[in-house]
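The chain contents come next:
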Amino acid sequence: MVLQCSLSYINDQSAFRMPAMVVFGRRWRIASDDLVFPGAFELFIRAVWWIVTLVVYTNHKGRFDCQGGTYLHNYLVVLLVLLGVIILTLCAIVYISAQGTIMNPGPRRSVPALVYLRALLYVPELVWACLGAVWVSDSSTGCKPEEVGAVIAAVVSSWIILLSMAVGVLVVFDPLGSQRPGAPPDAPRGVRDLESSESSQLFYTAHTVASRVWESRLRLLCCCLPQDNNHRAAFSSIAQLVSGFFLDTDLVPSDIAAGLALLHQEQDKMEHCRDPDEVLSHSLEDLEVELEKAAHFMKFAAAAYGWPLYVYSNPLTGLCKLSGDCCRSRQAEYDLVGGDSLGCHFTSILQSTGLQYRDFIHISFHNQIYEIPFYVALDHKREAVLVAVRGTLSLKDVLTDLSAECENLSVEGISGTCYAHKGISQAAHYIYKRLVNDGILSQAFNIAPEYKLVICGHSLGAGAASLLAVLLRSTHPTLQCYAFSPPGGLMSKAVAEYSKQFVVSVVLGKDLVPRLSIPNMEDLKRRLLKMVSNCSKPKYKILMRGCWYELFGGAPDDFPTELENRREEVLNQPLLGEESLLVQRSNTYQSLSSDDSPAHPTHLPLYLPGRILHITEDGPARRHCFAPVRYRAEWSSETSFRNVLISPRMVADHMPDVVLRALRSLTREQPFALCPSSTSNSHLNVI
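Note that the coordinates shown come from a computational prediction; the quantities given were computed from them, not determined experimentally.

### Section: the packing of helix α2 (residues 36-60) against helix α4 (residues 111-138)
Moving on, step 1. One can describe the packing of α2 onto α4 by two numbers: an axis separation of 16 Å at closest approach and a directional angle of 35°. Of the two possible hands of crossing, α2 and α4 adopt the one that is left-handed. Contacts from Glu42, Arg46 and Trp49 in α2 reach Arg118, Tyr122 and Glu125 in α4.
Moving on, step 2. For the contact of α2 with α4, the residue count by class is two nonpolar, no polar and four charged.

In structure tokens, the structure reads:
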């Protein structure tokens, strides 16, 4: 009896205690403070609709003398009343939804009741839309066009809003929303003890269900791919990774967006007031030489993307240059270079690299999960046998990227634990087998025995190139590798230290990918939680200010925190509230009381490969769209990439054409660009 009463109390209270809104007996991917913008938009539409209807009714009052005039009069009157009630309900929803903060949903406790009322009003609206359609089809003969048009507009508007509502419900639907919450802090002690003993089992069950949901989503998204063992294993591992990331929080997407907006401004404030950074000691000559080489080999890494990047980089002339060769039969090239389904790719590679047809040893655009395209060519300018590996360009490549668990790496000559990113490691082993077992490298060195081996790639290709270089180092001790924008979670510390002898990583600006690793993402999640927990501004103000800051810049906002009015120990309580059983299993919330990372990380640390050459924009943080860009370069350490930096450039700085442009700019402006500067951001520490 005690348990039944307590669980009933939980269901009554959870609708307003949890940031994620609970209505109709389940949790949704929307919070009670997310209704400000959609409510205001619908309010505007309804107000205009009401005014237009009122004008039509006022101008024709007493003069509805057509066949269905009486029916039309009653229809407009009821429509005005119904729209008035809906407008008043929306005003209440918008006003109350704007109250409180993300962590303080108490002032919004009446939002679920208003949502029920608003949902109930859809019933008479649907009925009235159907009656309006019947009147237009059967009884509108002889009525004035503006009267008929007003009813048709009302019917169409109703159906559009109803359809939009249905789409919105699908968007915010949470498949895991039916999970039963736990006991609140003021529940009877016996209930709390019973619920506590079940916490581990509930967390395991929730994680299992979430994994199945994400695996089903992946199968649906990749329905065109073959469902072999590799794909099934990838779906399973990716689902495990994604499902567990925000499972121990009660964040909805808008909370994450608000946290990112706050974190970006906080990072910019820290950047403006930080101490001058320490630059790693390397000679200027060494930096110049490596920049020259990097700029040279980056064009080969970019060329590996084939015709899509070539056309993107040359929008006016690219198609014209490729069109003639794309339509020609290339049976001879297939036989010579051993390529698979080259199409326009080979022509774009010739155009991008400036090499001759006879310089290519092998080109493969075969693409499966863990099997990525690459080509082998002779670079006579640098006297190198060049292996260029393509980055992410297909859904199969994305699955390779997301297979992020660790896999043991067998490498001779390394003291220490050797492991690497599973998906990229398997891609590197695939290319290794093709190069060695199929005799591709032997063929190349038979033609040019005095040449040295150089491996390069961008993004996914950079990670695979780095691990491939590690695998080939024992048989090719003079090889060099240039990894452009490599993924941050790539290899163990021991392998990363070993790779510094022959790998150079090039990172541009605030590129997201070199900062992506599971520990870094866990750290980002913890920081987001801390930002939204401490801020005392309503969410809609945070989002509006964040959009303005991203678009137009300005000084970072100094948002007040709830520490001004609340005790710090209260802020350390999780967003789920103590009533959730998941909290007892949440490492994220257990680490909120400390500025340090969790004491027991759940994932092995992975690092960037080799020495790191960091390129940044020199000058003000924000510039005019058409202002010339000046770059500077310096050697950096892997500690500079342990935090994800929020910036509008975090994706653009990863694009291969942008990286190539920056490297070419540096090699043309060396005297200015290579000077050390205290404005460097290579060691930015953020909260």
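### Observations regarding unusual backbone geometry
Moving on, step 1. Phi at Tyr370 takes a positive value of approximately 70°, unusual for a residue other than glycine.
Moving on, step 2. Structurally, Tyr370 is set in the loop between β3 (360-364) and β4 (374-379).
Moving on, step 3. Residue classification places Tyr370 among the buried positions, given a relative accessible area of 5%.
Moving on, step 4. Notably, Ser485 is not glycine yet its phi reads approximately 55°, a positive angle.
Moving on, step 5. Position of Ser485 among the secondary structure elements: in the loop between β9 (480-484) and α19 (493-499).
Moving on, step 6. On the basis of relative accessibility, which here comes to 0%, the residue Ser485 falls in the buried class.

### Structural notes on the nonpolar core
Moving on, step 1. With 47 residues, the main nonpolar core has Val385, Val387, Leu435, Leu453 and Ile455 as its most contacted residues.
Moving on, step 2. Secondary-structure elements contributing two or more residues to this core are β4, β5 (384-389), α16 (422-437), α17 (440-447), β8 (452-458), α18 (460-472) and α19.
Moving on, step 3. For this core, the element with the most residues is α18, which contributes nine residues.
Moving on, step 4. Once residues within four sequence positions are removed from consideration, Leu435 is found in contact with Phe374, Val376, Val387, Ile440, Leu441, Leu468 and Leu472.
Moving on, step 5. Judged by nonpolar contacts, the second largest core, of 42 residues, contains Met298, Phe484, Leu508 and Ile615.

### Examining the pattern of salt bridges
Any two side chains of opposite charge can pair if their charged atoms end up close together.
Moving on, step 1. Counted according to the given criterion, the structure contains 26 salt bridges.
Moving on, step 2. Note that Lys510 is salt-bridged to Asp268, the shortest N-O span being 3.9 Å. You can see Lys510 sitting in the loop between β10 (503-508) and α20 (518-534) and its partner Asp268 sitting in helix α9 (residues 253-273), a full 242 residues away along the chain.
Moving on, step 3. With relative accessibility at 13%, the residue Lys510 sits in the buried group.
Moving on, step 4. The class for Asp268 is buried, based on a relative accessible area of 9%.
Moving on, step 5. A salt bridge links Arg390 to Asp397; its shortest N-O distance comes to 2.7 Å. Taken individually, Arg390 and Asp397 each receive the classification buried, so the pair is uniform in this respect.
Moving on, step 6. Residues joined in a network through salt bridges with shared partners are Asp33, Asp34, Arg108, Asp255 and Lys539.

### As for the packing of aromatic side chains
Moving on, step 1. As enumerated under the stated definition, the model contains 10 aromatic pairs in all.
Moving on, step 2. The interplanar angle of 90° and the centroid separation of 5.0 Å between the aromatic rings of Phe24 and Tyr116 together place this pair among those described as edge-to-face. Taken together, the positions of Phe24 in the loop between β1 (20-23) and β2 (26-31) and Tyr116 in helix α4 put the pair 92 residues apart, joining distant regions of the chain.
Moving on, step 3. Overall, Tyr116 belongs to the partly exposed group, its relative accessible area being 37%.
Moving on, step 4. Arranged with centres 5.4 Å apart and planes meeting at 75°, the rings of Tyr498 and Phe502 form a pair that is edge-to-face.
Moving on, step 5. By relative accessible area, which is 14% here, Tyr498 ends up buried.
Moving on, step 6. One residue, Lys493, lies across the ring of Tyr607, its end atom 5.0 Å from the ring centre.

### Here we look at the environment of Leu291
Moving on, step 1. Residue position: Leu291 is located in helix α10 (residues 284-303).
Moving on, step 2. When its relative accessible area of 0% is taken as the criterion, Leu291 is described as buried.

### As for the UniProt feature "transmembrane region" (unreviewed entry) in the protein
Moving on, step 1. What UniProt calls "transmembrane region" (unreviewed entry) maps, in this numbering, to residues 35-57, 77-98, 119-136 and 148-173.
Moving on, step 2. Between the end C-alpha atoms of residues 35-57 there is a gap of 31 Å, over a span that is 96% helix and 0% strand.

### A look at a nonpolar patch on the surface
Moving on, step 1. On the surface, a nonpolar cluster with roughly 500 Å² of combined accessible area is contributed by Tyr71, Leu117, Leu120, Val123, Val127 and Leu131.
Moving on, step 2. Tallying contributions element by element places α4 first for the nonpolar patch, with five residues.
Moving on, step 3. Here Leu117 lies in helix α4.
Moving on, step 4. Leu117 sits in the partly exposed class, given a relative accessible area of 36%.

### As for the packing of helix α3 (residues 69-97) against helix α5 (residues 145-172)
Moving on, step 1. Two numbers describe how α3 lies on α5: the axes approach to 12 Å, and their chain directions differ by 45°. Overall, the two elements α3 and α5 adopt an arrangement that is oblique. The handedness of the crossing between α3 and α5 comes out as left-handed. Mapping the contact onto sequence places Leu72, Tyr75 and Leu79 in α3 and Glu147, Val151, Ala154 and Val155 in α5.
Moving on, step 2. For the contact of α3 with α5, the per-class residue count stands at six nonpolar, no polar and one charged.

About the thresholds
What you see as residue numbers is a count from 1 along each chain, following the sequence as written. Given that this is a predicted model, residues contribute local features only at a pLDDT of at least 70 and side-chain atom pairs are listed and counted only at 80 or more, while totals for whole chains, interfaces and linings are drawn from all residues. Side-chain numbers come from the whole structure's heavy atoms, not from hydrogens or water. In this analysis, axes come from line fits to C-alpha atoms, helices being fitted only over the stretch in contact, and the angle between any two N-to-C directions falls in the range 0 to 180 degrees. Helix and strand definitions follow DSSP, with helices as H or I runs of at least four residues and strands as E runs of at least two, each counted in order from the N terminus. It is the rotation of the near helix from the far one that decides the hand of a crossing: anticlockwise by less than a right angle makes it left-handed, clockwise makes it right-handed. Here, two residues are considered to be in contact whenever any of their heavy atoms come within 4.5 Å of each other. Residue polarity is assigned by list, with Asp, Glu, Lys and Arg as charged and Ala, Val, Leu, Ile, Met, Phe, Trp, Tyr, Cys and Pro as nonpolar; anything else, Gly included, falls into the polar class. Note on classification: 1.4 Å probe, protein chains only; a residue is buried when its accessible area is under 20% of the maximum for its type, exposed when over 50%, partly exposed between these limits. By convention a nonpolar core is built from buried Ala, Val, Leu, Ile, Met, Phe, Trp, Tyr and Cys residues, the set being connected through side-chain atoms within 4.5 Å. A pair is scored as a salt bridge if a Lys or Arg side-chain nitrogen falls within 4 Å of a carboxyl oxygen belonging to Asp or Glu. Centre distance within 6.5 Å is the pairing criterion for rings of Phe, Tyr and Trp, where only the six-membered ring of Trp is used; planes under 30 degrees apart are then read as stacked, over 60 as edge-to-face, and the remainder as tilted. Note on geometry: a ring has a charge over it if NZ (lysine) or CZ (arginine) is within 6 Å of the ring centre and within 35 degrees of the ring normal. UniProt positions are given in the numbering used here, feature names are shortened, and annotations may be inferred rather than shown by experiment. A patch consists of residues whose relative accessible area exceeds 30% and which take part in no salt bridge; residues with like charges are grouped when within 9 Å of each other, and nonpolar side chains (Val, Leu, Ile, Met, Phe, Trp, Tyr) when within 5 Å. A 1.4 Å probe and the Shrake-Rupley method give the accessible areas. Residues count as covered only by the protein chains that appear here. Angle categories: roughly parallel below 35 degrees, roughly antiparallel above 145, roughly perpendicular from 65 to 115, and oblique for all the rest.

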